[in-house]
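The residues making up each chain are set out below.
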Amino acid sequence: MSEQGVAGPDVRVGCHVANGWTVVKADEEIDIAFAPLVRAEVGRRLAEGHRHFVLDLCDTPFIDSMGLGMIVAVTKRIRSHQGSLRIACSDRRLLHVFALGGLGAVYSFHDSVGQAVAQPPCAEGLADWPPVRS
């Protein structure tokens, strides 16, 4: 698994494939500056034919409303390509932000990337419906 991704001035969005899932690692604050880099990486991977994604927020220290908006936007784009999105995050503060934004029940949250990719994606792209908490 090689780490590749979109590079910003001093930051990088890592990406690798595991068990059929394209794992996008966001280890910076997901805010107005970093959110477009994540969006661009997902768009690039969709254009290459990737359909099933895990957004790795395990090392993300902060997410704001711009970050949440970006996640909703990439989710719509992924689903329009018959894909799915799982989120790897165990940080209670970040999970609380999702809950406050009304998104807690929308996504499949996993405590680690390993848990998120443990089962390969369904062929129909419905691997995350209904959402469950592992």
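Residues numbered from 1 in each chain as written. Predicted model: local features only at pLDDT ≥ 70, side-chain atom pairs only at ≥ 80, totals over all residues. Heavy atoms only, no water.

Visitor: I'd love a proper account of the overall build of the protein, names of residues and values included.
Guide: Check the secondary structure of the protein and you find four helices and six strands. Going residue by residue from the N terminus, the α and β elements of the protein occur as β-β-β-α-β-α-β-α-β-α. Looking at the protein as a whole, 47% of its 134 residues are labelled buried. Considering only intrachain contacts with a sequence separation of at least 6, the fraction spanning at least 24 residues in the protein is 68%. (Helix = DSSP H or I, 4+ residues; strand = E, 2+ residues; numbered from the N terminus. Buried < 20%, exposed > 50% of the residue type's maximum accessible area, 1.4 Å probe, protein only. Contact = heavy atoms within 4.5 Å.)

Visitor: Pulling in residues and values, what's your account of the side chain of Thr75?
Guide: Structurally, the position occupied by Thr75 is in helix H2 (residues 65–80). The class of Thr75 is buried, set by a relative accessible area of 5%. From its side chain, Thr75 meets the backbone oxygen of Ile71 in a polar contact 2.6 Å long. Those residues in contact with Thr75 that sit more than four places away from it in its chain are Leu85 and Tyr107. (Polar contact = N/O pair within 3.5 Å; in protein donor to acceptor, adjacent residues only side chain to side chain.)

Visitor: Got a sec to walk through the confidence of the model for the protein? Specific residues and values, please.
Guide: Scored by pLDDT, the protein comes out at a mean of 86, with 83% of its residues at no less than 70. Element-level pLDDT for the protein is lowest in strand S1 (residues 4–7), with a mean of 50, against a maximum mean of 98 in strand S4 (residues 52–56). The low-confidence segment residues 123–134, where pLDDT is below 50, has 32 contacts with residues more than four positions distant or belonging to other chains. (pLDDT = per-residue confidence, 0-100.)

Visitor: Explain the packing of aromatic side chains residue by residue, including any values.
Guide: To describe a pair of aromatic rings, one takes the distance between the centres and the angle between the planes. Going through the model one piece at a time under the given rule, you end up with three aromatic pairs. Note on Phe98 and Phe109: the rings are 5.1 Å apart at their centroids and 70 degrees apart in plane angle, and the pair reads as edge-to-face. Here Phe98, found in helix H3 (residues 92–100), pairs with Phe109, found in strand S6 (residues 108–110); they are eleven residues apart in sequence, far enough to count as distant. Taking relative accessible area as the criterion, Phe98 reaches 0% and is therefore assigned buried. Classification of Phe109 as buried rests on a relative accessible area of 6%. An aromatic cluster is defined as three or more aromatic residues linked by ring pairs; in this entry it consists of Phe98, Tyr107 and Phe109. (Phe/Tyr/Trp six-rings, centres within 6.5 Å; stacked < 30°, edge-to-face > 60°.)

Visitor: Any details on the nonpolar core? Residues and values, ideally.
Guide: Among the nonpolar cores identified, the biggest contains 29 residues, and Leu55, Ile71, Ile87 and Phe98 are the most heavily contacted of them. Secondary structure elements with two or more residues in this core: strand S2 (12–18), helix H1 (35–47), S4, H2, strand S5 (84–88) and H3. Setting aside chain neighbours within four positions, we find Leu55 in contact with Val24, Ala26, Val38, Ile71, Leu85, Arg86, Ile87 and Ala88. Core analysis: the next-biggest nonpolar cluster, separate from the first, contains eight residues, Ala18, Ala88, Val113 and Ala116 among them. (Core = buried A, V, L, I, M, F, W, Y, C linked by side-chain atoms within 4.5 Å.)

Visitor: Could you give an account of H2, with specific residues and numbers?
Guide: Relative to the 22 Å expected for 16 residues at 1.5 Å per residue, H2 spans 23 Å between its end C-alpha atoms, a close match to the ideal helical length. Among all positions in H2, only Gly67, Leu68, Met70, Ile71, Val74, Thr75 and Ile78 are buried. Down the axis, H2 shows its buried residues gathered within 155 degrees of arc, on one side only. For H2, exposure combined with an orientation more than 90 degrees from the buried face picks out Ser65 and Lys76. In this structure, the buried residues of H2 make contact with H1, S4, S5 and H3. Measuring from the side-chain oxygen of the N-cap residue of H2 to the backbone nitrogen of Met66 gives 3.0 Å; that N-cap residue is Asp64. Phi turns positive, to about 60 degrees, at Gln82, one or two residues after H2. (Expected span 1.5 Å × (residues − 1). Arc of directions from axis to C-beta.)

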